[in-house]
Amino acid sequence: MPKPQSLIRPLVRDLHAYVPGEQPKIKGLVKLNTNENPYPPSPRVLAAVRAAVDGRLRLYPNPTALAVREKLARLHGCAPENIIVGNGSDEVLALAVRCFVEPSRGSNAIFGKQADRARATVQYFTPSYSLYPVLADIHGAAKNAVPLKSDFDLPGVAELKLGKEWDFKAALTFVTTPNAPSGRGYKTAELEKLCCAQKGLVVLDEAYVDFAEENALKLALKFPHVLVARTFSKAYSLCFQRVGYFVGHPELIAALDKIRDSYNVNGLGQIAAAATLDDLKFYRANFKKIISTREWLSRELTRLGFRVLPSQTNFILAKPPLFPAKDWLQKLRKQKILVRWFSAPEVKVYLRITIGTPAEAEVLVRAVCKILAVSKS
Ligand SMILES: Cc1ncc(COP(=O)(O)O)c(C=O)c1O
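This section reports on the structure supplied with the text. (Residues numbered from 1 in each chain as written. Predicted model: local features only at pLDDT ≥ 70, side-chain atom pairs only at ≥ 80, totals over all residues. Heavy atoms only, no water.)

Here we take up the overall build of the protein. The helix and strand tally for the protein stands at 14 helices and 12 strands. Computed over its C-alpha atoms, the radius of gyration of the protein comes to 21 Å, within 12% of the 21 Å expected for a compact globule of 377 residues. Considered along the principal axes of its C-alpha atoms, the protein spans approximately 65 × 60 × 55 Å. Across the 377 residues in the protein, those meeting the buried criterion constitute 52%. Within the protein, counting contacts between residues at least 6 apart in sequence, those at least 24 apart form 72% of the total. Taken as two groups, the 54 positive and 34 negative side-chain charges of the protein have centres that lie 5 Å from each other. (Helix = DSSP H or I, 4+ residues; strand = E, 2+ residues; numbered from the N terminus. Rg over C-alpha atoms; globule rule 2.2 N^0.38 Å. Buried < 20%, exposed > 50% of the residue type's maximum accessible area, 1.4 Å probe, protein only. Contact = heavy atoms within 4.5 Å. Lys, Arg positive; Asp, Glu negative; His and termini not counted. Charge placed at Lys NZ, Arg CZ, Asp CG, Glu CD.)

Adjacent strands of a sheet pair through backbone hydrogen bonds, lying either parallel or antiparallel. The seven strands lie next to each other as β2-β8-β7-β6-β5-β3-β4, forming an open sheet whose pairing is mixed. The sheet is open, and its two edges are formed by β2 (83-87) and β4 (142-147), each paired on a single side. Ignoring which end each strand starts from, the neighbouring axes of this sheet average 20° apart. Sheet strands in contact with helix α5 (residues 89-100) are β2, β3 (121-126), β5 (172-176), β6 (201-205), β7 (226-231) and β8 (243-247), and its direction is about 115° off that of β2. (Pairing = 2+ DSSP bridges. Axes fitted to C-alpha atoms, helices over the stretch in contact; angles between N-to-C directions.)

Right, let's talk about the pairing of β6 for a bit. In terms of burial, β6 is a largely internal element, five of the five residues being buried. Side chains of β6 alternate between two faces, with L201, V203 and D205 and V202 and L204 buried alike. When β5 meets β6, the two strands line up parallel, connected through five bridges. Across the sheet, F174 pairs through a bridge with V203, a residue of β6.

Once that is clear, we can look at the packing of aromatic side chains. Within this structure, the stated rule accounts for 16 aromatic pairs. Between the aromatic rings of Y124 and Y132, the centroid separation amounts to 6.3 Å while the plane-to-plane angle is 50°, which identifies the pairing as tilted. Residue Y124 is classed as buried on the basis of its relative accessible area, which comes to 6%. With a relative accessible area of 0%, Y132 lands in the buried category. Taken together, a centroid distance of 5.8 Å and an interplanar angle of 55° make the contact between F232 and Y236 tilted. (Phe/Tyr/Trp six-rings, centres within 6.5 Å; stacked < 30°, edge-to-face > 60°.)

This next bit is on the nonpolar core. Core analysis: the biggest nonpolar cluster contains 86 residues, and L204, F232, L297, L332, I353 and V368 have the highest contact counts within it. Beyond its immediate sequence surroundings of up to four residues, F232 is in contact with L72, S237, L238, V243, Y245, A273, T276 and L277. (Core = buried A, V, L, I, M, F, W, Y, C linked by side-chain atoms within 4.5 Å.)

Moving on: the pattern of salt bridges. Tallied over the full model, the rule gives 17 salt bridges. In this structure, K71 and D278 form a salt bridge, with 3.1 Å as the shortest nitrogen-oxygen distance. Taken together, the residues K71 in helix α4 (residues 66-76) and D278 in the loop between α11 (267-277) and α12 (280-303) connect sequence positions 207 residues apart. Looking at K71, the relative accessible area reads 22%, which means it is partly exposed. A residue is classified by how much of its surface remains accessible, and D278, at 41% relative accessible area, is partly exposed. The shortest N-O distance in the salt bridge between K143 and D137 comes to 2.9 Å. Take K143: its relative accessible area is 37%, and that puts it in the partly exposed class. Judged by its relative accessible area of 15%, D137 is buried. (Salt bridge = Lys/Arg side-chain N within 4 Å of Asp/Glu carboxyl O.)

The following block contains the structure:
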């Protein structure tokens, strides 16, 4: 009998999988660790999902999420052919790697020469979304991780040229904008310069853009090599339903469409997303509430000695006083508050704190005051 381990491809055996934030079910926990929206979906969305739970569950959903794509096309001023919907934006990000990047190792590898490396390269800034390197590893692609500037600012094209690490020919470049986990927003004009300089595909991952000052959607409609990724998870309170999408050139979208699963977006997710797009006013009011809580929390934590980086997202990155960030994670957990800490060297001195309701922000501030008071007594 073969041993199970001997059946697994070496690439998969050695893989460090993506680690999602914890989803504990502890009563009374203030959960500020996975950038979920603290407000529920709109009543119209809940009603639409409830109304769809009947005998129709036996049927396959629309294979291309057509109703959602039509509504998104109207919203973004493009055609449904400019849009592909996925099982969360994570799925479309993964499709992009499979569609545009050649594997450089593993059994599918076709390139061995250095000259061909760019065609097998997934490129991204650090820190940014920690899924990108995992997607590259799964595919057997090469990775080019290039540090952002201090305070997580985007390097300009001239700086990237000088630095020599950046690959302008990389098959696929991911840019998280606004950045995660720093929360820093980037100017569309800067992103446009970067897109103009890239020879390969650029994915602008706008998972948090509804909380930002600018968005770069127009670049996906202007350039044939730029895709913008969006999600219903964060701003639209739909993590549970897993709906995300790309906007871009119809030829890129058609190529991605060829390699996705036939029914990649579940039926209730499609219904929830379509109903969301019919009730955007409801959500825009929530964005305002979250932004104002973000500004309040940033001020309060600053007053208590944290170094809070300016954020254009629904979370903040903050360097706590007195103890290492990792200790703060535990101290807050003892107070039933869950935040996120990353061990990566560029961010290990910070905590990433999701913006919850004003009441949750107050609970956090009170807990911080308590921790600081105990440490001084
Ligand atoms: C930058 C970024 N992109 C994409 C995603 C994926 O979102 P989803 O798959 O829920 O659409 C996340 C989720 O944390 C994210 O932080």
